[in-house]
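# Summary of structural features
Listed below, chain by chain, are the residues.
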Amino acid sequence: MLKKYLIVVILLGMIFLIGCSKSSTSHNPYENYSDQELLDSGWDNFTNNNFEQSLEFFEEVINRNTMLAEANNGLGWSYAKLDSLGKALNSFDDALNANPVDQTKDDCMAGKCFVKDAQNQAQDCLDYSAEISNSWQFEYDQNLNYNDIVVLRAASFYSLANFPASLIEIQKIDSNFD
């Protein structure tokens, strides 16, 4: 009887130890993703308005210390869409400090311009907008392009009571506007 009791106790102890060892090891759900797959998944989630999920993918790329400009750009846009404007600005700055390609630089400057507009900081919006190529088109939201930057510039000039400059900006989009 003692022998059976000892075997049961040993088996239960082994089951307990095996269970504990599995729960104590952390499993990274993204370990089998390449950096590019993570980045693509982040942008896919962004374009499908899953901004919280997109943050996770971009943060994982950043944790791997790769593709920092593009990942921080994605993080910035995701935070901006979630109305976390301070975090968005920090992410855009981190992206710009990682020496981005021209398209990513334009995306970051446009993102900063939109954030500054949301914060009612017209002069900052104008400063950032001056660095954006007039051919800018946001790859991950085809509804955003340089015309939106022109509208932000017009609104910024207007809020600064520079009405002639505001009119000039609007006329870039509609030359017949008076």
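In this report, the structure presented in the accompanying data block is examined. Every chain begins its residue count from 1, and numbering advances along the sequence as written. This being a predicted model, a pLDDT of at least 70 is required before a residue's local features are given, and a value of 80 or more before pairs of side-chain atoms are given or counted; all residues contribute to the totals for chains, interfaces and linings. Derived side-chain values reflect all non-hydrogen atoms in the structure, with water molecules and hydrogen atoms excluded from consideration.

### Quick word on the nonpolar core
Core analysis: the largest hydrophobic core is formed by 34 residues, its most contacted members being W43, F46, W77, I132, W136, F138 and I149. Note on contacts: a residue pair is in contact if any heavy atoms of the two residues lie within 4.5 Å. Apart from the residues lying within four places of it in its own chain, the contact partners of W43 are F58, E70, N73, G74, W77, F138 and Y140. Residues belong to one nonpolar core when they are buried, are Ala, Val, Leu, Ile, Met, Phe, Trp, Tyr or Cys, and are joined through side-chain atoms within 4.5 Å. Summary of the burial criterion: residues with accessible area below 20% of their type's maximum are buried, those above 50% are exposed, and those between are partly exposed, where the area comes from a 1.4 Å probe applied to protein chains only.

### Structural notes on the packing of aromatic side chains
Classification of ring pairs uses Phe, Tyr and Trp, with its six-membered ring standing for Trp, and accepts pairs whose centres are within 6.5 Å; under 30 degrees between planes counts as stacked, over 60 as edge-to-face, and the remaining range as tilted. Enumeration over the complete set of coordinates arrives at 15 aromatic pairs. Residues W43 and Y140 carry aromatic rings whose centres are separated by 3.7 Å and whose planes lie at 5 degrees to one another, so their mutual orientation is stacked. With W43 in helix 2 (residues 35-47) and Y140 in the loop between helix 7 (122-129) and helix 8 (146-159), this pair connects stretches of sequence that are 97 residues apart. Taken as a pair, W43 and Y140 share a single burial class, namely buried. Numbering of helices and strands runs from the N terminus, with a helix taken as a DSSP run of H or I at least four residues long and a strand as a DSSP run of E at least two residues long.

### Side note on the packing of helix 3 (residues 51-63) against helix 4 (residues 68-81)
Between two packed helices, both the angle of their axes relative to each other and the distance between the axes serve to describe the pair. Axis lines are fitted to C-alpha atoms, over the contacting stretch for helices. Their N-to-C directions set the angle, which ranges from 0 to 180 degrees. Taken N-terminus to C-terminus, the directions of helix 3 and helix 4 make an angle of 155 degrees; their axes are 9 Å apart at the nearest point. With respect to helix 4, the axis of helix 3 lies roughly antiparallel. Both helix 3 and helix 4 take part in a crossing whose hand is left-handed. The residues of helix 4 that touch helix 3, namely those facing F51, S54, L55, F58, E59, V61 and I62, are L68, A71, N72, G74, L75, S78, Y79 and K81. Counted by class, the contact of helix 3 with helix 4 contains nine nonpolar, four polar and two charged residues. Should an angle fall under 35 degrees it is taken as roughly parallel, and over 145 as roughly antiparallel, whereas 65 to 115 is taken as roughly perpendicular and any remaining angle as oblique. By convention, the crossing between two helices is left-handed when the near helix turns anticlockwise from the far helix through less than a right angle, and right-handed when the turn is clockwise. Any residue that is not Ala, Val, Leu, Ile, Met, Phe, Trp, Tyr, Cys, Pro, Asp, Glu, Lys or Arg is counted as polar, Gly included; the first ten are nonpolar and the last four charged.

### Topic: helix 3
Working rule for helices: expected span equals 1.5 Å times residues minus one. Taking 1.5 Å per residue, 13 residues should reach 18 Å; helix 3 reaches 18 Å between its end C-alpha atoms and fits that length. Every buried residue of helix 3 is accounted for by F51, S54, L55, F57, F58, E60 and V61. Considering only its buried residues, helix 3 is in contact with helix 2 and helix 4. Following helix 3 by one or two positions, N65 has its phi on the positive side, about 60 degrees.

### Remarks on the pattern of salt bridges
Every case where a carboxyl oxygen of Asp or Glu lies within 4 Å of a side-chain nitrogen of Lys or Arg is listed as a salt bridge. For the structure shown, the criterion picks out eight salt bridges. The partner of E60 in a salt bridge is R64, with the nearest N and O atoms 3.4 Å apart. Notably, a salt bridge pairs R153 with E169, separated by 3.3 Å at the nearest N-O pair. One end of the pair, R153, is in helix 8; the other, E169, is in helix 9 (residues 163-173), with 16 residues separating them in the sequence. Across this residue pair, the class does not change: R153 and E169 are buried. Via salt bridges that share partners, D35, E60 and R64 belong to a single interconnected network.

### Examining the packing of helix 6 (residues 102-118) against helix 7
Packing of helix 6 against helix 7 brings their axes to within 8 Å, and their N-to-C directions diverge by 165 degrees. Taken together, helix 6 and helix 7 sit at an angle that is classed as roughly antiparallel. In this structure, helix 6 crosses over helix 7, and the sense of that crossing is left-handed. Across from M109, K112, C113, K116 and D117 in helix 6, the residues of helix 7 making contact are D124, C125, Y128 and S129. Split by residue class, the contact of helix 6 with helix 7 holds four nonpolar, one polar and four charged.

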